[in-house]
Every structure is written in C-alpha cells, then in structure tokens.
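Chain residues, written in single-letter form:
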Amino acid sequence: MFVKLLKIGYSSKLLKVMTDMYSKASSSVKWKGYLSKSFKDIMGVTQEGITSPFLFKSFLADLGEHLSDECGIILCESIVKHLLWADDLFLVSPSATLMQTQLNNLKDYCSKWHLVVNALKTKILVFGVKDPGKFKFTFGNNAIETSGSYTYLGNLIRDSRNPFTKIDEVILHKCYKACYKIRDYVDAVGQLIPSHAVHFFNVLIAPLLDYGSEVWYSEGTAEKLEVFQKKYFKRNLSVRINTPDEAVFGELGVLPVSVRLKKNLLKFMHRLNTLPNSSLVKWAYSELVTLHELGYDTWYSKASKVMSEFVSIAGLDDGCFLKLNSSSVKAKLDRIFLTEYSKKWLNNINNSDICKKLRTYKLFKSEFKFEKYLDIPSKSVRAAISRFRMSSHHLPIELGRHHKQIIPAEKRLCKKCQVVGNEIHHLLECKITQSIREVLLKAASKYIVNFRSLSKVNQFSEIMSCKEREFLLCLGNFLIEADHLIKDPVGHTP
C-alpha cells in the first residue's frame, strides 16, 4: 500500500507517519464476554480508522488499468469494465469468454498486490441464457459458481427479464426481523402506543422498505410492501385485518408505502437529470431513455409514467418538473402528494361503493391527521375506541355481512330493540346499554355545546369528534362496558 501511495505522489514525511501508525496496529477478539490477547495487524487497513476508506480507495484506484477494455461493455460510447463500492467488486462482460479473461486479469492484479478474493462469496450471473449452468468459470484454481441471483449492495438481482422479480421477499424478510426486534423491546418495557409505533415504523422499518426503491420500483412490489404496512398498523391499533385501509391511514395520518416509493422515484429521477454528462449513472439513464423511445419497457418507462401522473395533478409539464430547483423538489413532492392523497382518501370514505363499512366514519372524520385518542395510555380504551370508530366490532350491522348468505343492511337488527343495530343505535339508543349511558351523556353535555338539543346523528358525530382527554376516557370505558353487556353467555351478540 505504501509503495502505491509513494508512486501516487504522497510526501515521504506523511508516509513515515502512516507507516509508524500501522506498525503499531493490533486487534483482539471478543467472544462470549471474553477478550483474547492482542495480535498484530499485518494485512488490510485499520478497522473504523478515519483514513481507512481513503487509503483503500487509493490502493484500488489503478484496478481499471489492469482490466481489459475489450472485455467491458459499451455504455454511451464509453467502456465500463467494473463497478466498485467499498470492497464489493462487480465485473461486467458481454460474453462468458470475455468474463473469464477479466477474472484472469483480476487474479493477476490480486497476486501482484497481495489481495485476497473470497471465492465462496463470488458468483457469476448470466443474463439472457436459458441454461447458465453450461458455462464454467474459475478464479485461479477455484471454480466460481454460476447463480440465478446475486445480492449486490443489499439488492437482490436475478437473471430474468425483470432482475428485481423477488426483491419484495428480501425486503419483507428484513422488515419482519425489524418487527420482531421492536416486539422484544416493547415486551420488555410495556406497550407501544400508536404515535410511537408510527415513529418506529418511520425510523426502523421505512428505510428498509425504501432501500433501493428508486431502482427496483414497480406497482406490484409497492402493493406487496403496502400489505405489510397495513398489517403492522392494524395490529398496533388492535383492529381486524379486514378493517378498511382508509380508516387505518386516516386515524394515524400516515401515507401508504406506495406514495412514499413514488416520491423516492421522482426525487431520484430529478437528481439524474441534474448529474453531469460525465457521470456513469447519467450514461445508464440516457441509455434507458433511448431504449424507452425505441419501444422497449425499461426503468424509465415506469418512472416516466409516475412522473406523468404527478405533473398532471401538480399542473406542471415533464420539462418543468425536471427543471425545478433541487432544494425545493422534496418539499413540493411532499406537499402535493399529501394534498392529493388526502383528497382521494376523503372521496373514498364518502363513497359507499368503495368503503361500505365506513357508513358512520364519514359522519365525524373529515381530516387526514393523527387522532388524539390514540395517545391515551390505556390500551384497552384505545382499542375500544379504534374498533368502534373503524367498524371493527361485533355489532349486528357488521356481523350480518359475515353470514354465509349476507343479510341486507336494513335487516341486521338488534335482537333487544328490533331496529338496525348500527353504531348510532349502540351508542345512544340501545336498551341493553341504557343503564351505563347516562354517565356518557352527562360527560357529553359538559364538553359539547347544546348537546341535548341535537339530533341523534349530530349527537353521535359530536361525540366521535370530541378531542377532550377526560371525555375520550369516558367514551372508551363506556364502549368496554357496553361490549360486555351485549354479549350473551356463549359469546354471541344479541
């Protein structure tokens, strides 16, 4: 390494300091609480050393000179022979013969400079061939496995027409591991209130869902990842899995993953257009644009579709979006996507054909924002209110839809009162809960102006819209007691 640095032009004084520093470098191994004796570091750069990344980069700076131009691929009239990120090396060649030549060149380079390549972790990925196993590759005396997939920088790449076909499985595996860690933490300290659940999702899980999405984005993958997001929040809210998604997102004020991924894609697309023409990434982008214009389905095809949707709702054109100031792009994307989704969300909850279960939700919910009752410490109170608001309960109006032969809504009757057993009836009229209702009504009269003079529908709407902590506790306790009262001995709703 120091020989190379000397050739590059580093001063002898600096090299003397670094040589002295590395001559004293040592390490120890810690295992099961025990620390081994220290031993000298005789290979590689120091772990976590401030200068280590720069030294490693300088050491490998001449790798491209030892790889043959004839074995590379042409990208925008330039030749690309390899990609290198830290110690992850990616060789590219247009044929098996040329790839073997590059492997031989790499072997010679490693032998000259005493580098070690882990042959067990090295894989060959062949595109556009039905039987890639027929090709044999070696690195020195070691055979290199030909694989149908390879993970590079955390992204799974496959040898299919769509190289990111199975990327959702890799991402979801990481997300579930993160969920288990969160659950272990929660079990140790108590419970996870929804505001903390949202924060944990944004900090620990969303980055896993986002990682590499600018490259692998597709509507199908976004939908699969969104299913995970819905399960995560529904579990935290203690509502059933078939609870309307609009209600879950609306209660938490959280945007679906698909919206987040679209924003990432557009930010990346904008950044690509601002890169200098000498950038390797810009070359690849230009090739994708050219192939798209020739009729091929490329990454740019998906990105341009998302961009067209965005500029349509934003009142821009493609050229205007790409020319936006880089510092304002994120804020503009956040604002427009939030505004547009809020409009769509409000339209959906008010559309009985789309959200049939949310017949009463639309009476009191009109803003896409986090609800205050979700910060109540008592999980049972929060869960009772969440289930009632989002129609994830056991009232006749809901149970009737789950019969083998669905009962029409107007015939889903409360057995005690013989009227439609919906949320309004349960809260304000049902004879079963009459004995505990007066406490709720007194609390409502205290916090809601002219409550007693309002119609039943307006009373219901005001009760469900009230944000006062004391009243929310009263409402939650009422719903818990009412739930016990309406259940018969065998657990059926009367």
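You'll find the structure just up there.
Residues numbered from 1 in each chain as written. Predicted model: local features only at pLDDT ≥ 70, side-chain atom pairs only at ≥ 80, totals over all residues. Heavy atoms only, no water.

A. Main features of the overall build of the chain. Within the chain one finds 22 helices and 13 strands. Computed over C-alpha atoms, the radius of gyration of the chain comes to 31 Å, more than 25% over the 23 Å expected from 2.2 N^0.38 for 494 residues, which places it beyond the range of a compact globule. Here the C-alpha coordinates of the chain stretch approximately 90 × 65 × 45 Å along the principal axes. For the chain, the residues scored as buried account for 41% of the 494 residues in total. For the chain, long-range pairs separated by at least 24 residues make up 59% of all intrachain contacts whose partners lie at least 6 apart in sequence. In the form shown here, the chain has an accessible surface area of approximately 28400 Å², with 56% of it arising from carbon and sulfur atoms. Counting 71 positive and 49 negative side-chain charges, the chain places the centres of these two groups 5 Å from one another. (Helix = DSSP H or I, 4+ residues; strand = E, 2+ residues; numbered from the N terminus. Rg over C-alpha atoms; globule rule 2.2 N^0.38 Å. Buried < 20%, exposed > 50% of the residue type's maximum accessible area, 1.4 Å probe, protein only. Contact = heavy atoms within 4.5 Å. Areas by Shrake-Rupley, 256 points an atom, 1.4 Å probe, with all protein chains shown as cover. Lys, Arg positive; Asp, Glu negative; His and termini not counted. Charge placed at Lys NZ, Arg CZ, Asp CG, Glu CD.)

B. Spotlight on the pairing of strand E7 (residues 82-85). Looking at chain direction, E7 and strand E8 (residues 88-91) are connected through four bridges and run antiparallel. Looking at the pairing, leucine 83 lines up with phenylalanine 90 of E8. Count of turn residues in the E7/E8 antiparallel hairpin: two residues, of which alanine 86 carries a positive phi of about 55°. (Pairing = 2+ DSSP bridges.)

C. Examining the environment of leucine 473 more closely. Checked against the element boundaries, leucine 473 lands in helix H22 (residues 469-486). Separated by 91 residues in sequence, leucine 473 and arginine 382 place their C-alpha atoms 8.7 Å apart. If we ignore the near neighbours within four places in the chain, the residues touching leucine 473 are Ile376 and Val381.

D. Just a positive patch on the surface, in detail. A contiguous patch of positive charge on the surface is contributed by Arg183, Arg235, Lys379 and Arg387. Relative to the helices and strands, arginine 387 resides in helix H17 (residues 379-389). According to the relative accessible area criterion, arginine 387 is partly exposed, its value standing at 37%. (Patch = residues over 30% accessible without salt bridge, like charges linked within 9 Å, V, L, I, M, F, W, Y side chains within 5 Å. Salt bridge = Lys/Arg side-chain N within 4 Å of Asp/Glu carboxyl O.)

E. Structural context of the sheet that holds strand E9 (residues 123-125). Pairing is mixed across the open sheet formed by three strands, whose spatial order is E9-E11-E10. Each of the sheet's edge strands pairs with one partner strand only, and the pair in question is E9 and strand E10 (137-139). Between one strand and the next, the sheet's axes are offset by a mean angle of 45°, whatever the strand orientation. With three bridges joining them, E9 and strand E11 (residues 142-147) adopt parallel strand pairing. Paired with lysine 123 across the bridge in E11 is glutamate 145. On top of the sheet, helix H5 (residues 96-113) reaches E9 and E10; it is set at about 5° to E10, its chief contact. (Axes fitted to C-alpha atoms, helices over the stretch in contact; angles between N-to-C directions.)

F. Quick peek at the environment of glutamate 429. Relative to the helices and strands, glutamate 429 resides in the loop between helix H19 (423-428) and helix H20 (434-447). Glutamate 429 gets classed as partly exposed once you look at its relative accessible area, which sits at 39%. If near-sequence neighbours (up to four positions away) are discounted, glutamate 429 is found in contact with Ile424, Arg437 and Lys456.

G. Structural detail: the nonpolar core. Grouped together as the largest cluster of nonpolar side chains are 103 residues, with contacts concentrated most on Phe201, Ile205, Tyr232, Trp299, Phe321, Leu427 and Ile463. Apart from the residues lying within four places of it in its own chain, the contact partners of isoleucine 463 are Leu427, Leu428, Ala444, Ile448, Phe451, Phe471 and Leu475. One finds Phe59, Leu106, Tyr109 and Ile124 within the second-largest nonpolar core, a separate group that totals 17 residues. (Core = buried A, V, L, I, M, F, W, Y, C linked by side-chain atoms within 4.5 Å.)

H. Region of interest: empty space enclosed by the protein. Evaluation of the coordinates by the stated rule reveals two cavities of 30 Å³ or more. Roughly 40 Å³ of internal volume is contained in the second largest cavity. Along its surface, the second largest cavity is lined by Pro194, Asn236, Leu237, Ser238, Leu374, Lys379, Arg382, Ala383 and Ser386. Among the secondary structure elements, those contributing two or more residues to the lining of the second largest cavity are helix H9 (219-237) and H17. Residue composition of the lining of the second largest cavity, grouped by class: four nonpolar, three polar and two charged. (1 Å grid on protein atoms, 1.4 Å probe; cavity = no way out; pocket = protein on both sides within 12 Å on 5 of 7 lines; lining within 4 Å. Points joined across faces, edges and corners; volume = space filled by probe spheres on them. Nonpolar A, V, L, I, M, F, W, Y, C, P; charged D, E, K, R; others polar.)

I. Structural detail: the side chain of arginine 382. Considering the arrangement of structural elements, one finds arginine 382 in helix H17. Comment: no salt bridge for buried arginine 382; closest opposite-charge side chain is aspartate 375, at 7.5 Å. When near neighbours in sequence (up to four residues on either side) are disregarded, arginine 382 contacts Gln191, Leu192, Ile193, Pro194, Tyr373, Leu374, Ile376 and Pro377.

J. Structural detail: the packing of aromatic side chains. Enumeration over the complete set of coordinates arrives at 19 aromatic pairs. Ring geometry for phenylalanine 364 versus phenylalanine 460: centroids 6.0 Å apart, planes at 65°, classification edge-to-face. Placement of phenylalanine 364 in helix H16 (residues 361-364) and of phenylalanine 460 in helix H21 (residues 456-465) is noted, with a sequence separation of 96 residues between them. Of the two residues, phenylalanine 364 and phenylalanine 460, neither departs from the other in class, the shared state being buried. (Phe/Tyr/Trp six-rings, centres within 6.5 Å; stacked < 30°, edge-to-face > 60°.)

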